[in-house]
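Listed below are the residues making up each chain.
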Amino acid sequence: MKNDQILSQITEFCRDSDMAETTFGRRVVNDGKLVHRLREGKRITIDTLDRINAYIATSTGALPPPRGLDVPPEKRDPRGNFRFFENRQKYLLFVHTCSEKRVIAERVALELSSLHPRPPALRVFDAGVGDGTVLARVMRSMHGRFPHMPFYIAGKELSLEDVRLTLDKVPDRLFEHPATVVVLTNMHYAEAPWLTPASPTAAAGMLWHEVALRGASSGEFETQIAELGPFLEQNWRAGISPKSGMPIYERPVALVLYREDHRFLLDSIIPRAGRTEANFDLVIASQPYRAKSSVNFRAKRIIAPLARSLRAGGRLIGIHSHGHDPGLEIIQTVWPGENPFAVSRHELLRAVKYELGSAGRDLNFNAYADNRSIFRYDMEALPNEVTGSIGTSTAFAAWNAAVYVAQIEDDRLTEMTENSRALDATREVLRKHNGLWFYDESYVISRRRD
């Protein structure tokens, strides 16, 4: 809420109640200069705003406004809605031609030096595992820094295809770091850290599947994980919400993997149905929301629940696209004025802080300066592929990367395939910058240590 909105509310109340503004300030927060400071543009805390609203509501006999952000339903047409898990070809081409996954993993790994794990395990949650590349790279870095510490690794992923790709990377991680518990779930952001569905109906139908992998080699682990194929096909299914057009799980599932020969050591770490906790040392929120989703939706539905899952000393690192790069230049050449990256990290953190209210008192919200927050990743091409005559395959890979990052819907792309305008614009930008790169920005929410 802006200062002028708060002032308007206070002024109207004081006029109707025949009360001096100084009296109002003293009665609400024992500060007669409260209103004066608001007029000077000074900020107030969320607790002060809550006390103002509660006092006015009590005095007028009205109900105080509900806490938290207002999130209008984001009704979307399933036919035109951009969803990562339904854009497999674009996604696979993007991750194999651009360095984003590697660069994000390197950025996340920088947070490991700030962690202060507590027994019995270092606990990590990945809020959108994707194909598992970032998580696997981070786990390698974790092993290098904490080689003898048990790991509890949990991840959320709705896409069956991505779960399969992630499971392909698990055998090597369990071989290198045997004292590891891996948990994958398809639940919502507000449910997944606790492995507990919010709906009683969903909780009653939840499927909990625990797999103790036998043997001591990655090959043996791979064979047993491959046998989970029929189970995943039958149970890891997604549908479309009739209310919002958003993808949702048909049935909540938790898949728990660990080595049988380490069951005794990991007994206190292995989660059990109905007896789970969050308390994560590190939460990775890499591209967890649509570029065009509202700031209130991002804060209330995604980041605030993840921040609540942090333990004392825990850190959440969030990463999303920043724009202001050659990739966006391609998009704006074809669609002038297009800007899918309208929400900055600063706006998002303010919204999260407001949504959390008093629950965020022991949290630090770090947007950082641009030179620390913003980082670059590139489309990886040979030097001679982006100079001189640029081939169709290179131009198409660059165009695909640009539209994937900007999350352009398929129905808007159809008209572009009918002419060469898009590829011509892409070639022009590639020549101008001698390549193609993108910017992501990061932020950190950390919970203070006890």
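Cut-offs used in this document
Residues numbered from 1 in each chain as written. Predicted model: local features only at pLDDT ≥ 70, side-chain atom pairs only at ≥ 80, totals over all residues. Heavy atoms only, no water. Helix = DSSP H or I, 4+ residues; strand = E, 2+ residues; numbered from the N terminus. Rg over C-alpha atoms; globule rule 2.2 N^0.38 Å. Buried < 20%, exposed > 50% of the residue type's maximum accessible area, 1.4 Å probe, protein only. Phe/Tyr/Trp six-rings, centres within 6.5 Å; stacked < 30°, edge-to-face > 60°. Axes fitted to C-alpha atoms, helices over the stretch in contact; angles between N-to-C directions. Parallel < 35°, antiparallel > 145°, perpendicular 65-115°, else oblique. Contact = heavy atoms within 4.5 Å. Nonpolar A, V, L, I, M, F, W, Y, C, P; charged D, E, K, R; others polar. Pairing = 2+ DSSP bridges. Salt bridge = Lys/Arg side-chain N within 4 Å of Asp/Glu carboxyl O. Core = buried A, V, L, I, M, F, W, Y, C linked by side-chain atoms within 4.5 Å. pLDDT = per-residue confidence, 0-100. Domains from an automatic or database assignment. Polar contact = N/O pair within 3.5 Å; in protein donor to acceptor, adjacent residues only side chain to side chain. 1 Å grid on protein atoms, 1.4 Å probe; cavity = no way out; pocket = protein on both sides within 12 Å on 5 of 7 lines; lining within 4 Å. Points joined across faces, edges and corners; volume = space filled by probe spheres on them.

K.L.:
Explain the overall build of the protein chain here, please?
P.N.:
Helix and strand content of the protein chain: 19 helices and 12 strands. Relative to the 2.2 N^0.38 estimate, which gives 22 Å for 450 residues, the radius of gyration of the protein chain is 25 Å and therefore close to what a compact globule would have. With respect to the principal axes defined by its C-alpha atoms, the protein chain has extents near 75 × 60 × 45 Å. When the 450 residues of the protein chain are sorted by exposure, 53% land in the buried category.

K.L.:
Explain the packing of aromatic side chains here, please?
P.N.:
Working definition: an aromatic ring pair is given by the centre-to-centre distance plus the angle between the planes. In total, this model carries 10 aromatic pairs according to the counting rule given. Geometrically, the ring pair formed by F24 and Y55 is edge-to-face, given 5.7 Å between the ring centres and 80° between the ring planes. Of the two residues, F24 sits in helix α2 (residues 21-29) while Y55 sits in helix α4 (residues 46-60), which places them 31 residues apart along the sequence. Comparing F24 with Y55, the two get one shared label, buried. When the centroid spacing of 6.2 Å and the interplanar angle of 85° are considered together, the rings of F94 and Y377 count as edge-to-face.

K.L.:
Would you take a moment to explain the packing of helix α14 (residues 326-334) against helix α17 (residues 392-405) for this structure?
P.N.:
A pair of packed helices is characterised by two quantities: the angle between their axes and the separation of those axes. Interhelical geometry of α14 versus α17 gives an angle of 90° and a closest axis separation of 9 Å. Between α14 and α17, the crossing angle belongs to the class labelled roughly perpendicular. On α17, the residues touching G327, I330, I331 and V334 of α14 are W399, A402 and V403. Within the contact of α14 with α17, the residues separate by chemical class into 6 nonpolar, 1 polar and no charged.

K.L.:
Explain the pairing of strand β11 (residues 374-378) to me, please; I cannot follow it from the model alone.
P.N.:
In regular strands, side chains alternate between the two faces of the sheet. The alternating pattern of β11 places F375 and Y377 on a buried face, while none of I374, R376 and D378, on the opposite face, is buried. The pairing of β11 with strand β12 (residues 437-447) spans 5 bridges and is antiparallel. Note that in β12 the partner of F375 across the bridge is D440.

K.L.:
Hey, could you run me through the pattern of salt bridges in this one?
P.N.:
Two side chains bearing opposite charge may form a pair once their charged atoms approach each other closely. The final tally for this structure, using the stated rule, is 28 salt bridges. For R102, the salt bridge is made with E380, and the minimal N-O distance between the two is 3.5 Å. Placement of the pair is R102 in helix α6 (residues 100-109) and E380 in the loop between β11 and α17, with a sequence separation of 278 residues. With a shortest N-O distance of 3.9 Å, R263 and E210 are connected by a salt bridge. Of this pair, R263 sits in helix α12 (residues 263-266) while E210 sits in strand β4 (residues 207-213), and the two are 53 residues apart along the sequence. For R263, a relative accessible area of 35% gives the class partly exposed. Each of K292, E338, E409 and R412 takes part in a single network of salt bridges with overlapping partners.

K.L.:
Looking at this model, I keep getting lost on the nonpolar core. Mind explaining?
P.N.:
Side chains of a nonpolar character, in soluble globular proteins, are inclined to be buried together. Counting residues in hydrophobic clusters, the biggest one holds 75 residues, and the most contacted among them are L167, L255 and W399. The element that contributes the greatest number of residues to this core is α17, accounting for 9 residues. Apart from the residues within four sequence positions on either side, W399 is in contact with I330, V334, W335, L413, M416, A422, L423 and T426. Formed by 46 residues, the second largest nonpolar core is a distinct cluster that contains V183, M187, A304 and L310.

K.L.:
Would you mind showing me how to read the confidence of the model for the protein chain here?
P.N.:
Predicted coordinates in areas of low pLDDT are best not read in detail. Per-residue pLDDT for the protein chain has a mean of 90; in total, 93% of the residues score no lower than 70. Residue range residues 78-86 is modelled with pLDDT below 50. Its contacts to residues more than four positions away, or to other chains, number 22 contacts.

K.L.:
I'm lost on the domain arrangement of the protein chain in this one. Help?
P.N.:
By a widespread convention, an interface's size corresponds to the accessible area lost as its parts come together. Structurally, the protein chain comprises domain 1 (3-60) and domain 2 (117-321 + 342-371). Placing the centre of domain 1 and that of domain 2 at their C-alpha centroids yields a distance of 42 Å.

K.L.:
Teacher, can you tell me more about the environment of R123 here?
P.N.:
For R123, the position within the fold is in strand β1 (residues 122-126). Each C-alpha atom, one on R123 and one on A278, is 8.5 Å from the other, the two residues being 155 residues apart in sequence. Once you skip the residues sitting within four places of it in the chain, R123 turns out to touch Y152, E277, A278, N279, F280, D281, L282 and R311. From its side chain, R123 meets the backbone oxygen of A278 in a polar contact 2.9 Å long. Separated by 3.3 Å, the side chain of R123 and the backbone oxygen of N279 make a polar contact.

K.L.:
Would you mind showing me how to read the side chain of T180 here?
P.N.:
Relative to the helices and strands, T180 is located in strand β3 (residues 180-185). By relative accessible area, T180 is classed as buried at 0%. A polar side-chain atom of T180 sits 2.7 Å from the main-chain carbonyl oxygen of H177.

K.L.:
Please clarify how empty space enclosed by the protein should be interpreted in this entry.
P.N.:
Applying the stated criterion to the full structure yields 2 cavities of 30 Å³ or more. Estimated volume of the largest cavity: approximately 90 Å³. G132, L135, A136, M139, I153, T166, K169, V170, R173, V182 and L184 are the residues that line the largest cavity. Counting residues per element, the ones that place at least two in the lining of the largest cavity are α7 (133-145), α8 (160-176) and β3. In terms of residues, the lining of the largest cavity owes the most to one element, α8, which gives 4 residues. Classifying every residue of the lining of the largest cavity gives 7 nonpolar, 2 polar and 2 charged. Counted as a void, the second largest cavity has a volume near 60 Å³. Q287, Y289, R290, A291, R298, H320, S321, P340, F341, V343 and Q407 are the residues that line the second largest cavity. Tallied by class, the residues present in the lining of the second largest cavity amount to 5 nonpolar, 4 polar and 2 charged.

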